Structure formats: structure tokens, C-alpha cells
Amino acid sequence: MAIEKIDMDLCNGCRVCVDACPVDVIRFDDGEKKPIIAYKDDCIWCFNCESVCPMDCIEIMPTKARHIPEPYKAGEQW
Ligand code: SF4
Ligand code: SF4
């Protein structure tokens, strides 16, 4: 999963999502006073941004940003 989009019509520019993202996926455009999804592929789908947004304008989709390796299983044949 990954952050998909931010509804700029609803966004009030509070910047809370920028501070909430632990991996700096979301940056802030100081000119537009709006957040930007700058590094979508780095999203770890922690849902922090979505849960803290007071306007409920962040959408996270069930699509993987990048391949997540399967965990090693003991005894598995290679
Ligand atoms: S889901 Fe987590 S990692 Fe992804 S953009 Fe939101 S706060 Fe950042
Ligand atoms: S937390 Fe929501 S309302 Fe605030 S800047 Fe981010 S997307 Fe916009």
C-alpha cells in the first residue's frame, strides 16, 4: 500500500501530515502552502498521515509502492 493522493480542495495546509510522516514522503510547498507527495515509493503505509489529518483528505490505496520480500522460512528449499 502507499499514499495515493491528497485532496487539495479539502486540505487546509495545516502541515500536520508532513510532521507525522516518519520517512519524509510528504514535503511542504511553502509557496502554495500545501503538502506534496514527494517520495511515494518510500511510503511504508503506516497510516500516520491519514489518521492525523483533520480534514480526512489523504487517500491510501491497497497497491504496493514497491516489492516487499517474503520472509525467510527455515527448511525451505531454494
Ligand atoms: S502512510 Fe506513513 S509513510 Fe506513507 S506517507 Fe503516510 S505517514 Fe508517510
Ligand atoms: S494534515 Fe491534511 S489538512 Fe493538514 S496539510 Fe496534511 S493533508 Fe492538508
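Each remark here, short or long, concerns the structure printed above.
What counts as what
Residues numbered from 1 in each chain as written. Chains lettered and ligands numbered in written order. Predicted model: local features only at pLDDT ≥ 70, side-chain atom pairs only at ≥ 80, totals over all residues. Heavy atoms only, no water. Near = heavy atom within 4 Å. Nonpolar A, V, L, I, M, F, W, Y, C, P; charged D, E, K, R; others polar. Helix = DSSP H or I, 4+ residues; strand = E, 2+ residues; numbered from the N terminus. Buried < 20%, exposed > 50% of the residue type's maximum accessible area, 1.4 Å probe, protein only. Contact = heavy atoms within 4.5 Å. Salt bridge = Lys/Arg side-chain N within 4 Å of Asp/Glu carboxyl O.

A. Region of interest: the site of ligand 1. Lining the immediate environment of ligand 1, one finds 14 residues, of which Cys21, Cys43, Cys46, Phe47 and Cys49 sit closest. Tallied by class, residues from the shell around ligand 1 come to 13 nonpolar, one polar and no charged.

B. Representation of unusual backbone geometry. For Arg15, which is not glycine, the phi torsion reads 75 degrees and is therefore positive. When you line up the elements, Arg15 lands in the loop between β1 (2–6) and α1 (16–20). Arg15 gets classed as partly exposed once you look at its relative accessible area, which sits at 35%. Phi at Asp56 takes a positive value of approximately 55 degrees, unusual for a residue other than glycine. With respect to the element layout, Asp56 can be found in the loop between α2 (48–52) and β4 (58–61). A relative accessible area of 61% means that Asp56 is categorised as exposed.

C. Region of interest: the environment of Ile36. Position of Ile36 relative to the elements: it lies in strand β3 (residues 34–37). Residue classification places Ile36 among the partly exposed residues on the basis of a relative accessible area of 38%. For the pair Ile36 and Lys5, spaced 31 residues apart in sequence, the C-alpha to C-alpha distance is 9.1 Å. When residues no more than four places from it in sequence are discounted, the contact partners of Ile36 are Val25, Ile26, Arg27 and Asp29.

D. The arrangement of the pattern of salt bridges in detail. Applying the stated rule across the entire model yields three salt bridges. Glu4 is the partner of Lys40 in a salt bridge, and the nearest nitrogen-oxygen pair spans 3.2 Å. Taken together, the residues span a long stretch of sequence, with Lys40 in the loop between β3 and α2 and Glu4 in strand β1 at a distance of 36 residues. The class for Glu4 is partly exposed, based on a relative accessible area of 33%. Linking Glu59 and Lys5 is a salt bridge whose minimum nitrogen-to-oxygen distance equals 3.8 Å.

E. Fine view of the environment of Pro22. In this fold, Pro22 is placed in the loop between α1 and β2 (26–29). In the structure, Pro22 is positioned 22 residues away from Ile44 in sequence and 8.9 Å away in space, judged by C-alpha atoms. With residues near it in sequence (within four places) discarded, Pro22 still touches Ile44, Cys46 and Asn48.

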